[in-house]
Amino acid sequence: MTPGPPDASGSLALLPRLDKIPTGIVGLDEITGGGIPRGRSTLVVGSAGAGKTLFAVECLVNGAERYGEPGVLISFEESGADLAQNAASLGHDLRRLERDGLLLVDHVHLERTEIGETGEFDLEPLFLRIQDAVDEIGAKRIALDTIESIFGGISNEAILRSELRRLFLWLRERGLTAIITAEQGTESLTRHGIEEYVSDCVILLDHRVLNKVSTRLLRVVKYRGTEHGTNEYPFLIDRNGITVFPITSTELSYEVSAERVPTGVPDLDAMLGGAGYYRGSSVLLTGTAGTGKTSIAGRFVEAACERGERCLYFAFEEAASQIRRNLAPVGIHLARWEDAGYLRIHATRPTAFGLEAHLALLFRRIEEHAPTVVVVDPVSNLVSIGSPLEVQVMLVRLIDYLKMRRITTLLTGLADSAGDREESGMEISSLSDTWIRLQAVRTDGRRQRTISILKSRGMEHSDEIRELRLGPGGVGIEEIAPDERHAPVSAGSAGP
Amino acid sequence: MTATDPAGVTYDLRLYIAGLTPRSLLAIANLKRICETHLAGEYRIEVVDLKQEPGRARRDQIVASPTLVRQLPGPSRRLIGDLSNTERVLIGLEIAPHPSVQEVTTHADEPPVRP
Ligand SMILES: Nc1ncnc2c1ncn2[C@@H]1O[C@H](COP(=O)(O)OP(=O)(O)OP(=O)(O)O)[C@@H](O)[C@H]1O
Ligand SMILES: [Mg+2]
């Protein structure tokens, strides 16, 4: 522990600063303000399959590859071959790291003997074994996964406890940054109560089923001498490893832009003060089925690509091929922009996984593609997998995240047939800067689509209901002669 | 270790210790006594001090000291502890007590291991 630098301004910084090392796990180092405590032990607790082993592997691999800190993995459960195979699915080559002397995996194989112990014993050979491995590669980081398994191999608990206590002190004396994994318990945090001996930093990995979909959550339960969020943060395990998603809602400090972005429909630009949306704003587009939401979204994306902007289209209802096919008759051709690398369409079933995982995936895709325009079509389909409050929270976070990156976002929403109760209780409209409503009306037996702007913050906009025309010529908007104005197809308000 | 021992003994035993601590010395003494009593002329003991050969803990899968490994007869068996509980040692090594010292198992001359 080193004292913090003197602070000229005289604020804070009086507490001794805990030295931290980055885990390299995306998001975790942000939450913890720099990583895990250097030269101390961090306890990682979770139930089976929670991701403890992968967490440990990530810390070691990142330490070795990015921070010049070789690592030792003492594995009490999985063999070196199993670990290497699992890590390969996350893009890590453990064998190569081992050959390069940056990683050493020691699989401690414990066989339980039926007869118990023949007398007193100690775990000195385990200490020697760890020391030997650490010395061999000059390790700075070490993971013990899962040390508790030792309780399954040896029956004298009293000796084991005092030896484990001694082991953790011993690791600390050697200045090793340790990751100790443990199975979550029912009466105590860990099954064998080892949190008693490792107490500098405790991270809990949870794998819960929320609304029938599984969701991974990470929480920093304890972090001695440091401020940390107590929130549960969603995390994802995929081919890129572990990614934790810090909640950004607290940082409402995004820059508001005066720059405008064309909607792709000149007539709609005209309705929006002549110039379109604000750059980095969020636009809500609601309407009943078949009113043209996807067409307007498609034009927005196509026009952005034509200007050389990068776009992401998240489809929660239709397959990418279906979107391409349905837009072609309206003169919107997305495939060429996909081929050119400007546009990516990601189609996902809402029920494929939980809200947190969806959000995590959206963030990841956005980070990968770095778009300036994002479409979520339709956002209302996510309602099926969470309570209104959960969906609301997710959308707040999504919109915050996009705004901070100055990404202009179009969210479509399916309105119920009455047309006036948009989003069944979901208050997305309040989160949106611009709200456009599409409706279907009947005129002289002809089905007609209308478009109106319910709100658009910070600009003078049209307050008329106009006709939306979709055809081979593209997307067009025309004024409706006063005598032609009719009520919507079903009873309900005709708009403002 | 080959299956046919050069010395031609039936029991080939290896005792792993971590330094010559009182507990290690006790284990060595216990082992010698048990072998002399029950396996006279049939055994061989090798003592491996992991303090001297730390690499062997990993190679030979040792975590506790003392650990006794029965190399022969196969399959190998391992016992943890200072070998004070003779009965457990005999059971663990699958040694039938020598007829002349049958009372060893009935008289429980050692205190129980469990605290
Ligand atoms: N390449 C991958 N892509 C997506 N998910 C993966 C991938 N590899 C592993 N996982 C997920 O990670 C989980 C396993 O993580 P891990 O082995 O770290 O858990 P653990 O907490 O150590 O489990 P245990 O208690 O069984 O030791 C799997 O259940 C799987 O869901
Ligand atoms: Mg594991």
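Definitions and limits used
- Residues numbered from 1 in each chain as written.
- Chains lettered and ligands numbered in written order.
- Predicted model: local features only at pLDDT ≥ 70, side-chain atom pairs only at ≥ 80, totals over all residues.
- Heavy atoms only, no water.
- Contact = heavy atoms within 4.5 Å.
- Buried area = accessible area lost by both parts, 1.4 Å probe.
- Salt bridge = Lys/Arg side-chain N within 4 Å of Asp/Glu carboxyl O.
- Polar contact = N/O pair within 3.5 Å; in protein donor to acceptor, adjacent residues only side chain to side chain.
- Helix = DSSP H or I, 4+ residues; strand = E, 2+ residues; numbered from the N terminus.
- Pairing = 2+ DSSP bridges.
- Axes fitted to C-alpha atoms, helices over the stretch in contact; angles between N-to-C directions.
- Buried < 20%, exposed > 50% of the residue type's maximum accessible area, 1.4 Å probe, protein only.
- Expected span 1.5 Å × (residues − 1).
- 1 Å grid on protein atoms, 1.4 Å probe; cavity = no way out; pocket = protein on both sides within 12 Å on 5 of 7 lines; lining within 4 Å.
- Points joined across faces, edges and corners; volume = space filled by probe spheres on them.
- Nonpolar A, V, L, I, M, F, W, Y, C, P; charged D, E, K, R; others polar.
- Near = heavy atom within 4 Å.
- Areas by Shrake-Rupley, 256 points an atom, 1.4 Å probe, with all protein chains shown as cover.
- pLDDT = per-residue confidence, 0-100.
- Phe/Tyr/Trp six-rings, centres within 6.5 Å; stacked < 30°, edge-to-face > 60°.
- Lys NZ or Arg CZ within 6 Å of the ring centre and 35° of its normal.

### Thoughts on the interface of chain B and chain A
Here is step 1 of the chain: Across the contact, 29 residues belong to chain B and 27 residues belong to chain A.
Here is step 2 of the chain: Summed over both sides, the interface of chain B with chain A buries roughly 2400 Å², with 56% coming from carbon and sulfur.
Here is step 3 of the chain: Our enumeration of links across chain B and chain A arrives at 3 salt bridges.
Here is step 4 of the chain: The partner of D132 of chain A in a salt bridge is R58 of chain B, with the nearest N and O atoms 3.2 Å apart.
Here is step 5 of the chain: In this assembly, chain B and chain A are joined by 17 residue pairs in polar contact (both at pLDDT 80 or more).
Here is step 6 of the chain: Secondary structure elements with two or more residues in the side of chain B that touches chain A: α2 (55-59), β4 (77-80) and α3 (86-93) of chain B.
Here is step 7 of the chain: Top contributing element to the side of chain B that touches chain A by residue count: α3 of chain B, with 4 residues.

### A closer look at the sheet that holds strand β19 (residues 434-443) of chain A
All names here are of chain A.
Here is step 1 of the chain: With mixed pairing, the 9 strands of this open sheet are ordered in space as β16-β15-β17-β18-β14-β19-β20-β21-β22. One side of each edge strand has no neighbouring strand; the edge strands of this open sheet are β16 (343-347) and β22 (474-478). Taken over all neighbouring pairs, the strand axes of this sheet differ in orientation by 20 degrees on average, direction set aside.
Here is step 2 of the chain: Where strand β21 (residues 466-471) and β22 come together, 5 bridges link them in antiparallel fashion. Bridge pairing in β22 places G471 opposite G474.
Here is step 3 of the chain: Strands in contact with helix α9 (residues 293-306) are β14 (282-287), β15 (311-315), β16, β17 (373-377), β18 (408-414), β19, β20 (446-456), β21 and β22; relative to β18, the strand with the most contacts, it is inclined by about 165 degrees.

### A word on the pattern of salt bridges
Residue and element names in this part refer to chain A.
Here is step 1 of the chain: One pass over the structure, following the stated rule, counts 45 salt bridges over all chains.
Here is step 2 of the chain: Close ionic contact of R364 with D238 constitutes a salt bridge, the shortest N to O distance being 2.4 Å. Within this pair, whereas R364 is found in helix α12 (residues 355-369), its partner D238 is found in strand β10 (residues 233-238), the two being separated by 126 residues in sequence.
Here is step 3 of the chain: A salt bridge links E309 to R307, with the shortest nitrogen-to-oxygen separation between them at 3.1 Å.
Here is step 4 of the chain: Relative accessible area serves as the criterion here: at 10%, E309 is assigned to the buried category.

### Side note on α12 of chain A
Here is step 1 of the chain: The end-to-end C-alpha distance of α12 of chain A is 21 Å, a good match for the 21 Å that 15 residues give at a rise of 1.5 Å each.
Here is step 2 of the chain: The buried fraction of α12 of chain A is high, at 13 of 15 residues.

### Brief notes about empty space enclosed by the protein
Here is step 1 of the chain: The final tally for this structure, using the stated rule, is 1 cavity of 30 Å³ or more.
Here is step 2 of the chain: A volume near 140 Å³ is recorded for the largest cavity.
Here is step 3 of the chain: Together, 13 residues line the largest cavity, and L110 and E111 of chain A together with V63, R78 and I80 of chain B are the ones closest to its centre.
Here is step 4 of the chain: Of the residues in the lining of the largest cavity, the class split is 6 nonpolar, 5 polar and 2 charged.

### Some remarks on the site of ligand 1
All names here are of chain A.
Here is step 1 of the chain: As a matter of local geometry, ligand 1 sits amid 15 residues, with G49, K52, T53, L54 and R216 nearest to it.
Here is step 2 of the chain: Protein burial of ligand 1: of its 640 Å² of free accessible surface, 66% is covered by the chains.
Here is step 3 of the chain: Taken together, the elements giving at least two residues each to the shell around ligand 1 come down to α2 (52-66) and β10.
Here is step 4 of the chain: Among the elements that take part in the shell around ligand 1, α2 stands out by supplying 3 residues, more than any other.
Here is step 5 of the chain: When its residues are assigned to classes, the shell around ligand 1 shows 5 nonpolar, 5 polar and 5 charged.

### As for the sheet that holds strand β3 (residues 67-72) of chain B
All names here are of chain B.
Here is step 1 of the chain: The mixed open sheet is built from 4 strands, whose spatial order is β2-β1-β3-β4. On the outer flanks of this sheet lie β2 (43-49) and β4, each paired with one strand and no other. Shown here is a sheet whose adjacent strand axes are inclined to one another by a mean of 20 degrees, direction ignored.
Here is step 2 of the chain: Direction of pairing for strand β1 (residues 11-17) relative to β2: parallel, over a ladder of 7 bridges. Looking at β2, one finds that Y16 is bridged to V48.
Here is step 3 of the chain: Packed onto the sheet, α3 meets β1, β3 and β4 and runs at close to 165 degrees relative to β4.

### Remarks on the side chain of S282 of chain A
Here is step 1 of the chain: Residue position: S282 of chain A is located in strand β14.
Here is step 2 of the chain: In this structure S282 of chain A touches I399, K403, T409, L431, S432, D433 and T434 of chain A, once residues within four positions along its chain are discounted.

### Observations concerning the confidence of the model for chain B
Residues and elements named next belong to chain B.
Here is step 1 of the chain: Looking at chain B, pLDDT values average 85 and 80% of them are 70 or higher.
Here is step 2 of the chain: Segment residues 103-109: pLDDT under 50, and 5 contacts once partners within four positions in sequence are set aside and those in other chains are kept.
Here is step 3 of the chain: Prediction confidence for the complex, expressed as pTM and ipTM, is 0.67 and 0.84 respectively.

### Regarding the packing of aromatic side chains
Aromatic ring pairs are defined here through the distance separating the ring centres and the angle between the ring planes.
Residues and elements named next belong to chain A.
Here is step 1 of the chain: Tallied over the entire structure, the rule returns 5 aromatic pairs over all chains.
Here is step 2 of the chain: An angle of 35 degrees between the planes, with centres 6.4 Å apart, marks the rings of F168 and Y197 as tilted. Taken together, the positions of F168 in helix α7 (residues 157-173) and Y197 in the loop between β7 (177-183) and β8 (201-210) put the pair 29 residues apart, joining distant regions of the chain.
Here is step 3 of the chain: For the cation-ring pair, R166 lies above F127, with the distance from its terminal atom to the ring centre recorded as 4.2 Å.
Here is step 4 of the chain: The residue whose ring lies beneath R260 is Y278, and the NZ or CZ to ring-centre distance is 4.6 Å.

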